Amino acid sequence: MEIQRMSDTLFRIPIPVPFPMKYVYCYLFRGDQGSVVVDAGFNYPEAQEAWKAAFRQLDVQPRDVGAIYLTHFHPDHLGLAGWMQELTGAPVYLSDIDREMSLRTWGTDSSQSRLVAQMCVKHGVPSDLAERIAASMEKLSQHVLPLARLQAVPIGQADLAGEVWKMILTPGHSDGHVCFYQPERKWLLAGDHLLDKITPNISLWPGCSPNPLQDYLESLRQLRSLDVSLALPGHGKVITDVKQRIEEILQHHSVRLDRMLQLAKAGRTAYQVAEAVFSEKQLTPHQWRFALAETLAHLEYLASRDELAKVEGEQTLFQARE
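Keep in mind that what you see is a predicted model, and the values were worked out from it rather than measured. (Residues numbered from 1 in each chain as written. Predicted model: local features only at pLDDT ≥ 70, side-chain atom pairs only at ≥ 80, totals over all residues. Heavy atoms only, no water.)

The next point concerns the sheet that holds strand β1 (residues 4–5). As summarised here, the arrangement of the seven strands in space is β1-β2-β3-β4-β5-β6-β7, forming an open sheet in which the pairing is mixed. Each edge of the sheet is formed by a strand with only one pairing partner; in this case those strands are β1 and β7 (150–152). Across the sheet, helix α1 (residues 45–57) is in contact with β2 (10–16), β3 (23–31), β4 (34–38) and β5 (65–69); its angle to β2 comes to roughly 155°. Across the sheet, helix α4 (residues 96–106) lies against β6 (92–94) and β7, angled at about 145° from β7, the strand it touches most. (Pairing = 2+ DSSP bridges. Helix = DSSP H or I, 4+ residues; strand = E, 2+ residues; numbered from the N terminus. Contact = heavy atoms within 4.5 Å. Axes fitted to C-alpha atoms, helices over the stretch in contact; angles between N-to-C directions.)

As structure tokens, this is what we get:
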């Protein structure tokens, strides 16, 4: 395992995930009074073994871990938190917004997969594909069990093994996504808010923000005001030119919005727009869930700016304003 030593106390650990990005990068702070983990990974055997190997390699006893922080509630970051909590006995901290969403999505009485399937059908997805989307989501929920006992943490400061980092609410990828910023080092633990090569998925989900793309673009622009020399993301390479990467992501969304605006003008469902945008890819039901929800986020943003009109009926249409 190639663990990157970022400083005397901070280590960047690649934890495997069974998805195309291959790894989620989790962070371990090793201090004199114990260790702190930021993000846990996806719960499956290879990831558990990777953490055991990392603890051995870094000479960290699991019971020395005093706290586990999560940047957001998605399963590739939260999934192993319950397993790690049992291993370490440490509390698991998550923003209040994402703690609520994690219980709604991954709790034993969750109806989120059904709500997602209903959303899909409402926006033009064929019913058989909507059912497969719901089934894949329910299968995914097994990889967050056991669900950690989550404690809501106020947005403020976090003591990461003796070093104070500012917690910054950065909604978009999830409503309660947080980044951690160290102003003296000028470092940012970016989670999935800022990624290299790929752009973070910004999706609209039942029970969440009605305009997540607006939230995300505002968060990105606010991030430009910080003096960041190094961003440590949850996937991909370390980012050294943060302002340039922010501009690249903003430009990506500008181009995507223009394309979706042109596609929807004549009147289309979100599914029809997504079919056109992702026509070159053979998508699995899991990938279709994100493709549809990401398309919806862009179309709702355009509607909020009065660039498109929404026509509600058995299926929702987006079209040019008259």
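Another aspect to go through is the nonpolar core. Formed by 52 residues in total, the largest nonpolar core has its most connected members in Val125, Leu188, Leu194, Leu292 and Leu299. Every element with two or more residues in this core is listed here: α5 (112–122), α6 (127–140), β10 (178–182), β11 (187–191), α7 (212–223), α8 (242–264), α9 (270–277) and α10 (285–304). Looking at this core element by element, the count peaks at ten residues for α10. When near neighbours in sequence (up to four residues on either side) are disregarded, Leu292 contacts Met119, Cys120, His123, Val125, Ala270 and Tyr271. Core analysis: the next-biggest nonpolar cluster, separate from the first, contains 37 residues, Tyr44, Ala50, Leu140 and Ala148 among them. (Core = buried A, V, L, I, M, F, W, Y, C linked by side-chain atoms within 4.5 Å. Buried < 20%, exposed > 50% of the residue type's maximum accessible area, 1.4 Å probe, protein only.)

Next up on the list: the side chain of Glu294. Its location among the elements puts Glu294 in helix α10. Glu294 gets classed as buried once you look at its relative accessible area, which sits at 12%. Not counting residues up to four positions away in its chain, the partners in contact with Glu294 are Asn201, Ile202, Ser203 and Arg256.

At a closest axis distance of 7 Å, the pairing of α7 and α10 adopts a crossing angle of 85°. Overall, the two elements α7 and α10 adopt an arrangement that is roughly perpendicular. Contacts between α7 and α10 involve Pro212, Leu213, Gln214 and Leu217 from the first element and Ala297, His298, Tyr301 and Ser304 from the second. For the contact of α7 with α10, the per-class residue count stands at five nonpolar, three polar and no charged. (Parallel < 35°, antiparallel > 145°, perpendicular 65-115°, else oblique. Nonpolar A, V, L, I, M, F, W, Y, C, P; charged D, E, K, R; others polar.)

For the rest of this paragraph, the subject is the sheet that holds strand β9 (residues 163–169). On the basis of which strands lie adjacent, the open sheet formed by five strands has the order β8-β9-β10-β11-β12 and mixed pairing. Every interior strand has two partners, whereas the edge strands, β8 (157–160) and β12 (230–233), have only one. The average angle at which neighbouring strand axes cross in this sheet is 30°, direction not considered.

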